[in-house]
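Reading the structure
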Amino acid sequence: MSPGSQLSNAQSSGIHTAGQPRDVLVVGGGVVGLACARALSLAGHAVVLVERHGLLGSETSSRNSEVVHAGIYYPTESLKTRLCVEGRARLLAFCAAERVPHRLCGKLIVATEDDERPALDGIEARAAAAGPEVPLQRWTAAQVRARAPAVRAVEALWSAGTGIVDGHAFMHRLRVRAEALGALVLLRHTVVGVRPGAGGEGYHVTLQAADAGHETHRFDAVVNAAGHGANAVAALVGLDAGRVPQQIPVKGSYFTLAGAAPADTLVYPVPRPNLVGLGTHLTLDLGGRARLGPDVELDAPPFDHTVDPARRARFAQAARRFLPALREDDLQPDYSGFRPKLATDRFADFYLAEHRAEGLPGWVNLLGIESPGLTASLAIAARVCQLLDA
Ligand SMILES: Cc1cc2nc3c(=O)[nH]c(=O)nc-3n(C[C@H](O)[C@H](O)[C@H](O)COP(=O)(O)OP(=O)(O)OC[C@H]3O[C@@H](n4cnc5c(N)ncnc54)[C@H](O)[C@@H]3O)c2cc1C
């Protein structure tokens, strides 16, 4: 069967009203698009997901720290906090049910100098305001030493609820679940054109298949979860700069640490005030391998993923604040990822919007889905379902 006929079979027919099953196109096969495809299929919609690459999750979703965040850092009422807290609970339940490897290894946020203690107060207060789902403990230097002898701190916050997850296994199970519910996942299909139907009746979307030319199909609704491609996809329907926020790709590189991990928990410095990144930190993977990163490189050429070995000294210097025994020679360049940021000089929240008010009912844009987007993905998907049923 050709992709085109598969696609027609996956679609329902007729025009639908709010709350009824609809033909929904999800653009982007990263973790957010996959979570949306599963949730929309569960809600009874006929879902087609298109991904331009031959592999799902091969952009930002496979270039991150795989940390299950607890929702500590961001303004209490922001989507980043609320969807992170809700998404973490959903993610842990999903991982348990679907046997996705994960571990609640905990996280230390360390003050290494006395003048960083007020920053710990601020994080503690924000976590308390976020509610009981975001518990933090204040630890003395002695408590830190007892838990992680190689880590130097004058004081710290301990987040027992932070963990790590196998992001690829998570995405695989989302795909399996979505397909079991009838979703059609098309790889090597790029959205290249969109024409809104007359009278708000859906969208005629042109797909470029890697091996089969163009095809145009009609959908009742479109979820634009195209990550770094999301502004370009939004522009196809007329939502260009000035009408929706524009994403700025900001590079973050990682270095692996040779030998045994210096701690069996995640270790983060106190973040800098503008929150461009959380500060070069120690993360672990599920195999126990340690790495440092991501840093923040504002002027890197977009999507050049090379990790410059010359950054090693800067990494070592940043990490030695809390890992004093770290040797520069133990650091090896690893991978990098680009954050789709909406601002680089201030906090900017996730952008989730249905564009009915602009005459585009059923068109949902997801922009600025940087960290904690992996943690929040299942909550973002639940919100998308609400937006489409509103
Ligand atoms: C360095 C770094 C570290 C991070 N660490 C964490 C962390 O520890 N914990 C956490 O919770 N989050 C973390 N994040 C954030 C998390 O990785 C992202 O929020 C998440 O992966 C975003 O997923 P996505 O599906 O929106 O985007 P993507 O994974 O980028 O997926 C979008 C997909 O859309 C496809 N696409 C684009 N245009 C088109 C088109 N026209 N047609 C068809 N397909 C198209 C792309 O090929 C891509 O596969 C981190 C991010 C970075 C960069």
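What you see as residue numbers is a count from 1 along each chain, following the sequence as written. Two thresholds apply to this predicted model, a pLDDT of at least 70 for residue-level local features and 80 or more for giving and counting side-chain atom pairs, whereas whole-chain, interface and lining totals are computed over all residues. Hydrogen atoms and water are omitted, and side-chain values are computed over all heavy atoms in the structure.

Focus: the pattern of salt bridges
One speaks of a salt bridge when a side-chain nitrogen belonging to Lys or Arg is within 4 Å of a carboxyl oxygen belonging to Asp or Glu. Per the stated rule, a full pass over the model turns up 24 salt bridges. Across the pair arginine 321 and glutamate 116 runs a salt bridge, and its minimum N-O distance is 2.5 Å. Highlighted residues: arginine 321 in the loop between helix H8 (312-320) and strand S18 (331-341) and glutamate 116 in the loop between strand S5 (107-111) and helix H4 (117-130), separated in sequence by 205 residues. Owing to a relative accessible area of 14%, glutamate 116 belongs among the buried residues under this scheme. For the salt bridge of glutamate 297 with arginine 311, the shortest nitrogen-to-oxygen distance reads 3.6 Å. To qualify as a helix, a DSSP run of H or I must reach at least 4 residues; to qualify as a strand, a run of E must reach at least 2; elements of each kind are numbered from the N terminus. When accessible area is computed with a 1.4 Å probe and restricted to protein chains, residues below 20% of their type maximum are described as buried, those above 50% as exposed, and intermediate ones as partly exposed.

Some thoughts on the pairing of strand S12 (residues 213-219)
One bridge is not enough; two strands pair if DSSP finds at least two bridges between them. Relative to S12, strand S11 (residues 203-209) runs antiparallel, the two sharing 7 bridges. Looking at the pairing, glutamine 208 lines up with histidine 214 of S12.

Some details on the domain arrangement of the chain
It is common to report an interface's size as the accessible area lost on association of the parts. The domain limits used here are those given by an automatic or database domain assignment. Along its sequence, the chain is carved into domain 1 (3-10 + 17-61 + 168-246 + 348-389) and domain 2 (107-160 + 248-341). Centre-to-centre, using C-alpha coordinates, domain 1 lies 33 Å away from domain 2. Opposite the 6 residues of domain 1 that make contact, domain 2 presents 7 residues. When domain 1 packs against domain 2, close to 580 Å² is buried across both sides, 58% of that on carbon and sulfur atoms. Using a 1.4 Å probe, buried area is obtained as the accessible area two parts lose upon being combined, added over both of them. Of all residues in domain 1, His228, Gln246 and Glu370 bury the most surface against domain 2, accounting for 72% of the area lost on that side. Our count for the contact surface shared by domain 1 and domain 2 stands at 1 salt bridge. Two N or O atoms form a polar contact when they lie within 3.5 Å of each other; inside protein one atom must be a possible hydrogen donor and the other a possible acceptor, and for residues adjacent in sequence the pair counts only when both atoms belong to side chains. For the pair domain 1 and domain 2, the number of links is 2 residue pairs in polar contact (both at pLDDT 80 or more). Residues are grouped as follows: Ala, Val, Leu, Ile, Met, Phe, Trp, Tyr, Cys and Pro are nonpolar; Asp, Glu, Lys and Arg are charged; all remaining types, including Gly, are polar. Partitioning the side of domain 1 that touches domain 2 into residue classes produces 1 nonpolar, 4 polar and 1 charged. A contact between two residues is defined here by any heavy atoms of the two lying within 4.5 Å.

Some remarks on the packing of helix H2 (residues 31-42) against helix H9 (residues 373-389)
Working note: a packed helix pair is described by the angle between its axes plus the distance between those axes. Taken N-terminus to C-terminus, the directions of H2 and H9 make an angle of 45°; their axes are 8 Å apart at the nearest point. As summarised for this structure, H2 and H9 are arranged oblique, according to the angle between their axes. Like other packed secondary-structure pairs, H2 and H9 cross with a definite hand, here right-handed. Here Val31, Val32, Ala35, Cys36, Arg38, Ala39 and Leu40 of H2 lie close against H9, whose contacting residues are Gly373, Leu374, Ser377, Leu378, Ile380, Ala381, Val384, Cys385 and Leu388. Axis definition: a line fitted to C-alpha atoms, limited for helices to the stretch in contact. Angles are taken between N-to-C directions and run from 0 to 180 degrees. Throughout, the term roughly parallel applies to angles under 35 degrees, roughly antiparallel to angles over 145, roughly perpendicular to angles from 65 to 115, and oblique to all others. For any pair of crossing helices, the crossing counts as left-handed if the nearer helix is rotated counterclockwise from the farther one by less than a right angle, and right-handed if it is rotated clockwise.

Considerations on the sheet that holds strand S8 (residues 163-165)
Read from one edge to the other, the open sheet built from 3 strands follows the order S3-S8-S4, with strand pairing classed as antiparallel. In the strand order of this sheet, the two ends are held by strand S3 (67-68) and strand S4 (102-103), each with one partner. With 2 bridges joining them, S3 and S8 adopt antiparallel strand pairing. Note on S8: the bridge partner recorded for valine 68 is glycine 163.

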